Amino acid sequence: MCGIAGTASTLTPDPDLVRRMCDVIVHRGPDGAGYHHDQHASLGMRRLAVIDVATGDQPVRNEDDTVVAVFNGEIYNYPELRRELAAKGHRFRGQGDSETLAHLYEEHGDDLVHRLRGMFAFAIWDRARRRLLLARDRVGKKPLYWRADGTAIHFASELKSLAQDPGMSRDIDLDALHHYLTYLYVPAPLSIYEGVRKLPPAHVLVWEDGKVTVRRYWQPDRTVRGPVDEREAEERTRELLLEATRIRMVSDRPVGAFLSGGIDSSAVVAAMAMQSSERVKTFSIGFEDSRYDERSKARMVAERYGTDHHEMVVGAGMLDVLPRLAWHFDEPFADSSAIPSFYVAQLSRRHVTVALNGDGGDECFGGYQRYALVNQAGRIPPLPRHLAAMSARVGDLITRRSGFGSLPRRIGRLLQFAAEPPSRRYATLMSCFKPEQKTELYCDPLRERLAGTDSRLLLEKIFRGSSASTDLGRILDVDLMSYLPGDLLVKVDISTMANSLEARSPFLDHHLLEWAATLPTGLLVRGGRTKMLLKRAVAPWLPAELLHLPKQGFGVPLAAWLRGELRDLAHDALTDDTARGRGLFRPEVVGRLLRQHAAGADHSARLWALLQFELWHRAHAEPRELVGAEARCPGPGA
């Protein structure tokens, strides 16, 4: 495991802080993996050793031990930072990136975050001021949980680590559960437990004199900066992607890449191959169901660049990994692509310790088909209430009965868009359980408790606060601040860390993100075409056929699995006495979803969300009951 603290870090006004920075190790990686060890804490912490394997132990300190830091992630510009700090007289004990934090804090205080280029979550203790600084990277690549009680603050890179503290309340945060059922993940700053929070991406937290202050330190400016020459924009895209890839290839351990066959991962592999003196190792996952299998696309890129290519096929027989995934994911998490993500990480770890990927390309350059829907729906004025309700019902019906990526499905989603005002359209589109479906699902006390809580307001707030001048630009901000850190990056970080593999994402380099944010959205999405600029920019690098194939995403045949190999698991887990006894959801509604799905309706996303919550509960919460009595329904037979 790579983390700020092994099980938990508790900082109190204790002069012997160094011994208290880390308490207990939880190590999930395979035997033989390289880890940095804290030689000074009572039991220590571990961070996957990728840079400075020999001398990268933590915590790290300044020269007189008045500033102490622990760190999770990688700082890619650390060589320049070390040279700059050494020129100012700072002395280093090791050769890696961690020590730069302590010395940068001496020079810049909390503003050190602006000097960092990379992925990070860290804690810095200022011994003289008795002050703790926590920080998380700009897009949320690395996690950071915390809780404070007025006299102490506890933090960790894993929620299960904080849960080892017997003083922590383990009641479920019902608002977090409510939002999870909407978005399939628990959005920051909430966590699934009451009283525990996630530090949001691009935020710092200061704990001093028992008080907590949290503030944002970065947000891309989406103000379009004048006319853009498209040829120059293409060239600049290539330059930034090449440079972002190059700095992420620096490692003392073997480096490879995930290759899905999509534009983003293919472009990263091309950028690696053009800058590497050795064959790039690439890794792909396929499915027995050809509708979800993109291995043929990945092979086109692998053959073009002569990569050392490896593949694995995921079939229904490999679904016994689900309980293991439920344990690794510290909160309920219902993105089904976590299954292939886990297996591609497992495959990659047999050959490399670092894997680059294409995460962020869609959010950066407008790659999702839903962005084209945003443009099309932008021409539709708000509908009268009675027409909006009809449009929503028809759109939902068509969407549920249409295949992924089909024309009827796009029409259905467009009708759903039309039913809402512009600020709410995207939140509705991204919802798994709609408000009326949750109302029907919840037992009476839970429904009453959550009656005034609208999950869609979370995305509406980001939409309205964006500096973009177009709806598409605002929605790019929404995804950058919600779906990307809450879903995609959680999935990849946990899947890779569970296999002692480090994932790096060139498209999430903040220099590239900031530049792309200033581009006119018409360069990214036009009509029904998406990711236009990026496709033109990387056209010289990739097979022409690949550029014109439809986007598939990293989906799995979930609906079929829930009617076949997973049918018994879903039925048993969601309808047995244990599940019913929680008193959260109406058994008759859950049963109806199961029956209708088995008969041909597509309730796969909603059933998967309920199943993942149940599996998480059994992995993390049993045998203790976590739900407060005020939100419980009567048990069966009451």
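Everything quoted here is computed from the prediction, not taken from an experiment.

Q: Looking at this structure, I do not really get unusual backbone geometry. What am I missing?
A: Most peptide bonds are trans, and most residues other than glycine sit at a negative phi. Note that the residue after Ala 188, namely Pro 189, is joined by a cis bond; omega there is 10 degrees. Turning to its location among the elements, Pro 189 is positioned in the loop between helix 4 (174-183) and strand 10 (197-198). Backbone geometry at Asp 65 places phi at a positive 65 degrees, although glycine is not the residue there. Of note, Asp 65 is situated in the loop between strand 4 (60-61) and strand 5 (67-75). Even without being a glycine, Asp 209 presents a positive backbone phi close to 55 degrees. Note that Asp 209 resides in the loop between strand 11 (203-208) and strand 12 (211-216).

Q: Got a minute to help me understand the confidence of the model for the protein in this structure?
A: Do not read the predicted coordinates in detail wherever pLDDT is low. When the pLDDT values of the protein are averaged, the result is 86; 87% of them are 70 or greater. In the model, residues 623-638 has pLDDT below 50 throughout and makes 32 contacts with residues more than four positions away in sequence or in other chains.

Q: Is there a simple way to think about the sheet that holds strand 14 (residues 281-287) in this case?
A: The strands making up a sheet associate through backbone hydrogen bonding, with each pair oriented either parallel or antiparallel. Taken together, five strands build an open sheet; the order of strands is 15-14-13-16-17 and the sheet is parallel. Strands with a single pairing partner mark the edges of an open sheet, and in this sheet they are strand 15 (308-314) and strand 17 (502-504). Taking the axes of each pair of neighbouring strands and ignoring which way they run, one obtains an average angle of 30 degrees across the sheet. Pairing between strand 14 and strand 15: seven bridges, direction parallel. Note on strand 15: the bridge partner recorded for Lys 281 is Asp 308. Sheet strands in contact with helix 6 (residues 263-273) are strand 13 (255-258), strand 14 and strand 16 (354-356), and its direction is about 155 degrees off that of strand 13. In the packing of helix 7 (residues 295-305) onto the sheet, contacts are made with strand 14 and strand 15, and the angle to strand 15 comes to roughly 175 degrees.

Q: I'm lost on helix 2 (residues 99-108) in this one. Help?
A: One turn of the α-helix equals 3.6 residues, which is why residues spaced by three or four share an orientation. Across the ten residues that make up helix 2, a large majority, seven, are buried. The inward-facing, buried residues of helix 2 contact strand 4, strand 5, helix 1 (78-87), strand 6 (118-126) and strand 7 (131-136). Immediately downstream of helix 2, the backbone of Gly 109 shows phi near 60 degrees, a positive value.

Q: Which parts of the structure should I look at to understand the packing of helix 13 (residues 407-418) against helix 14 (residues 422-429)?
A: The angle between the axes and the distance between the axes are what describe a pair of packed helices. Orientation of helix 13 relative to helix 14, taken along the N-to-C sense of each, is 140 degrees, at an axis distance of 8 Å. The pairing of helix 13 with helix 14 is recorded here as oblique in orientation. With respect to the hand of their crossing, helix 13 and helix 14 are arranged in right-handed fashion. Every residue of helix 14 that contacts helix 13 at Arg 413, Gln 416, Phe 417 and Ala 418 is listed here: Arg 425, Tyr 426 and Leu 429. Each residue belonging to the contact of helix 13 with helix 14 can be placed in one class, and the counts come to four nonpolar, one polar and two charged.

Q: What is the right way to look at the packing of helix 26 (residues 587-598) against helix 27 (residues 604-620) in this model?
A: The geometry of helix 26 relative to helix 27 is characterised by a closest axis approach of 10 Å and an angle of 135 degrees between their N-to-C directions. Here helix 26 lies oblique to helix 27, going by the angle between them. Seen from above, helix 26 lies across helix 27 with left-handed handedness. Contact with helix 26, carried on its side by Val 590, Leu 593, Leu 594 and His 597, involves Ser 604, Leu 607 and Leu 610 of helix 27 and no other residues of that element. Its residues assigned to classes, the contact of helix 26 with helix 27 comprises five nonpolar, two polar and no charged.

Q: What am I meant to see in the pairing of strand 6 here?
A: Successive residues of a regular strand alternate their side chains across the two faces of the sheet. When you tally the buried positions in strand 6, you get eight out of nine residues, the bulk of the element. Relative to strand 6, strand 5 runs antiparallel, the two being bridged by nine bridges. Directly across from Glu 74, in strand 6, lies its bridge partner Met 119. Linkage of strand 6 to strand 7, two consecutive antiparallel strands, is achieved through a turn of four residues, within which Arg 130 is found at a positive phi near 50 degrees.

Q: How should I be thinking about the environment of Ser 296 in this particular structure?
A: Position of Ser 296 among the secondary structure elements: in helix 7. The exposure class of Ser 296 is partly exposed, given its relative accessible area of 47%. Residues Ser 296 and Ser 260, 36 residues apart in the sequence, show an inter-C-alpha distance of 9.6 Å.

Q: Honestly, the nonpolar core in this entry has me stumped. Any pointers?
A: Across soluble globular proteins, you tend to see nonpolar side chains buried next to one another. Counting 164 residues, the largest nonpolar core has Phe 122, Leu 181, Ile 339, Phe 365 and Phe 585 as the members making the most contacts within it. When residues of this core are assigned to their parent elements, the largest contribution, eight residues, is made by helix 27. Excluding anything up to four places from it in sequence, Ile 339 contacts Val 314, Leu 319, Val 321, Leu 322, Leu 325, Trp 561 and Trp 608. If you look at the next biggest cluster of nonpolar residues, it comprises 13 residues, including Leu 132, Trp 146, Leu 199 and Leu 205.

Q: Before we go on, may I ask you to explain the sheet that holds strand 7 in this structure?
A: Taking strand neighbours across the sheet as the criterion, the six strands line up as 4-5-6-7-11-12 in an open arrangement whose pairing is antiparallel. Strand pairing shows two members of the sheet lacking a second neighbour, strand 4 and strand 12, which therefore form its edges. Looking at chain direction, strand 6 and strand 7 are connected through six bridges and run antiparallel. Note on strand 7: the bridge partner recorded for Ala 123 is Leu 134. Taken strand by strand, helix 2 contacts strand 4, strand 5, strand 6 and strand 7, and its axis lies near 125 degrees from that of strand 5.

Q: Explain the packing of aromatic side chains here, please?
A: Each pair of aromatic rings is reported with the distance of its centres and the angle of its planes. Tallying each qualifying case throughout the model produces eleven aromatic pairs. For the ring pair Tyr 442 and Phe 585, a centre distance of 6.4 Å and an interplane angle of 25 degrees mean the geometry is stacked. With a gap of 143 residues between them, Tyr 442 in the loop between helix 15 (435-441) and helix 16 (444-449) and Phe 585 in the loop between helix 25 (577-581) and helix 26 connect regions that are remote in the sequence. Comparing Tyr 442 with Phe 585, the two get one shared label, buried. Through pairs of rings, three or more aromatic residues link up here, namely Tyr 193, Tyr 442, Phe 585, Phe 613 and Trp 616. Sitting above the plane of the Tyr 483 ring, Arg 370 keeps its charged end 5.0 Å from the centroid.

Q: What am I meant to see in the pattern of salt bridges here?
A: When the charged atoms of two side chains lie near each other, side chains of opposite charge can form a pair. Evaluated as defined, the whole model comprises 45 salt bridges. In this structure, Arg 115 and Glu 84 form a salt bridge, with 2.7 Å as the shortest nitrogen-oxygen distance. With Arg 115 in the loop between helix 2 and strand 6 and Glu 84 in helix 1, this residue pair connects regions lying 31 residues apart in the sequence. For Arg 295, the salt bridge goes to Glu 311, with nearest N and O atoms at 3.6 Å. Of this pair, Arg 295 sits in helix 7 while Glu 311 sits in strand 15, and the two are 16 residues apart along the sequence. Residues joined in a network through salt bridges with shared partners are Arg 117, Glu 243, Arg 246, Arg 248 and Asp 509.

So, how was this worked out
Residues numbered from 1 in each chain as written. Predicted model: local features only at pLDDT ≥ 70, side-chain atom pairs only at ≥ 80, totals over all residues. Heavy atoms only, no water. Helix = DSSP H or I, 4+ residues; strand = E, 2+ residues; numbered from the N terminus. pLDDT = per-residue confidence, 0-100. Contact = heavy atoms within 4.5 Å. Pairing = 2+ DSSP bridges. Axes fitted to C-alpha atoms, helices over the stretch in contact; angles between N-to-C directions. Buried < 20%, exposed > 50% of the residue type's maximum accessible area, 1.4 Å probe, protein only. Parallel < 35°, antiparallel > 145°, perpendicular 65-115°, else oblique. Left-handed = near helix turned anticlockwise from the far one by under 90°. Nonpolar A, V, L, I, M, F, W, Y, C, P; charged D, E, K, R; others polar. Core = buried A, V, L, I, M, F, W, Y, C linked by side-chain atoms within 4.5 Å. Phe/Tyr/Trp six-rings, centres within 6.5 Å; stacked < 30°, edge-to-face > 60°. Lys NZ or Arg CZ within 6 Å of the ring centre and 35° of its normal. Salt bridge = Lys/Arg side-chain N within 4 Å of Asp/Glu carboxyl O.

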